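Each chain, written out:
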Amino acid sequence: MMPLLRTTLLASTLLVGPASLGLTGSAFAMEQVNFPSRDGTLLTGWLAKPAGAGPFPTVVAMHGCAGLWTRSGRMNARETDWSQRLNAAGYAVLLPDSFRPRGLSSLCNDRDRALTPAGRTKDAFGASDWLAQQPFVAAGRPSLIGWSNGGSTVLRVAGDAAAAGAGGFRKVIAFYPGCRVILQRGWSAKVPTTILQGLADDWTPAAPCQELAQRGGAQFAGFAGAYHDFDHPDLPLRERNAAFSQRPDGKVTIGTNPEARQQAISAVMAILAAP
């Protein structure tokens, strides 16, 4: 394992306003930190902490195939929305950027990807290693959340025996992951794992994930009429081109489903709060 680096809080902070999140209250700041992935890559992460000195329970959050940033240079609304919600509930949140430190932006249209979910597991473990050294972190392992490509990543973490040990994770929550590949590999959850999936998803279909949960000892929650990105705070339903589409025209449907989103928010908070 690579030696851990000391915290590096850079002069720049990311100020995230509530208007973009559909929340009330003042803007909150995310601090930029650096830490090594277990593959040796020096990663950038964004850390959001509740008010006060802590210690806080923590969540590591893994972005999807579009990366952590929009083309205009703003952090994606889904990640900022969840970060502020988790902060309000008392959790510190660390979002590793798996792409920019490796010279990547979006992989959503690439079938031959330079970085796979299996490779990104080392980033998640590196984030946990770094958190274990921080004085604001409460005792015990962090929880782990991921979306889409990040959801596929966290499922692979959950199936790794290391997830249950020091430097691992307490609970794993995967939003709309791709499950076909690991279903064929005899996956089983080594820590409590929940998959949250839109039943109408035509990018990462629900059926393989439901079967994976049944075989591998995970929980599965399916949301009727919900597509990919259903928990996004404000993404109008639309179609886009994407690699690994389940449709013959190569398109996928993405967008917010308000009812499923609210149900998922409640489910995540309950999962994290449970012993």
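Residues numbered from 1 in each chain as written. Predicted model: local features only at pLDDT ≥ 70, side-chain atom pairs only at ≥ 80, totals over all residues. Heavy atoms only, no water.

### So, the pattern of salt bridges
Part 1: Scanning all chains against the criterion turns up eleven salt bridges.
Part 2: With a closest N to O distance of 2.9 Å, Arg102 and Asp39 form a salt bridge. Of this pair, Arg102 sits in the loop between strand S5 (92-97) and helix H2 (117-131) while Asp39 sits in the loop between strand S2 (28-36) and strand S3 (42-48); the two residues are 63 residues apart in sequence, bridging distant segments of the chain.
Part 3: The class of Arg102 is partly exposed, set by a relative accessible area of 22%.
Part 4: Asp39 sits in the partly exposed class, given a relative accessible area of 38%.
Part 5: Asp81 is paired through a salt bridge with Arg85; the nearest N and O atoms lie 3.1 Å apart. Taken together, the residues span about one helical turn, with Asp81 and Arg85 both in helix H1 (residues 77-88) at a distance of four residues.
Part 6: Overall, Asp81 belongs to the buried group, its relative accessible area being 0%.
Part 7: Connected via shared salt-bridge partners are Asp202, Glu239, Arg247 and Asp249. (Salt bridge = Lys/Arg side-chain N within 4 Å of Asp/Glu carboxyl O. Helix = DSSP H or I, 4+ residues; strand = E, 2+ residues; numbered from the N terminus. Buried < 20%, exposed > 50% of the residue type's maximum accessible area, 1.4 Å probe, protein only.)

### Comments concerning helix H3 (residues 149-158)
Part 1: With respect to burial, H3 is a largely interior element, ten of its ten residues being buried.
Part 2: Buried residues of H3: Asn149, Gly150, Gly151, Ser152, Thr153, Val154, Leu155, Arg156, Val157 and Ala158, and no others.

Purely spatial values, then, with no claim about function.
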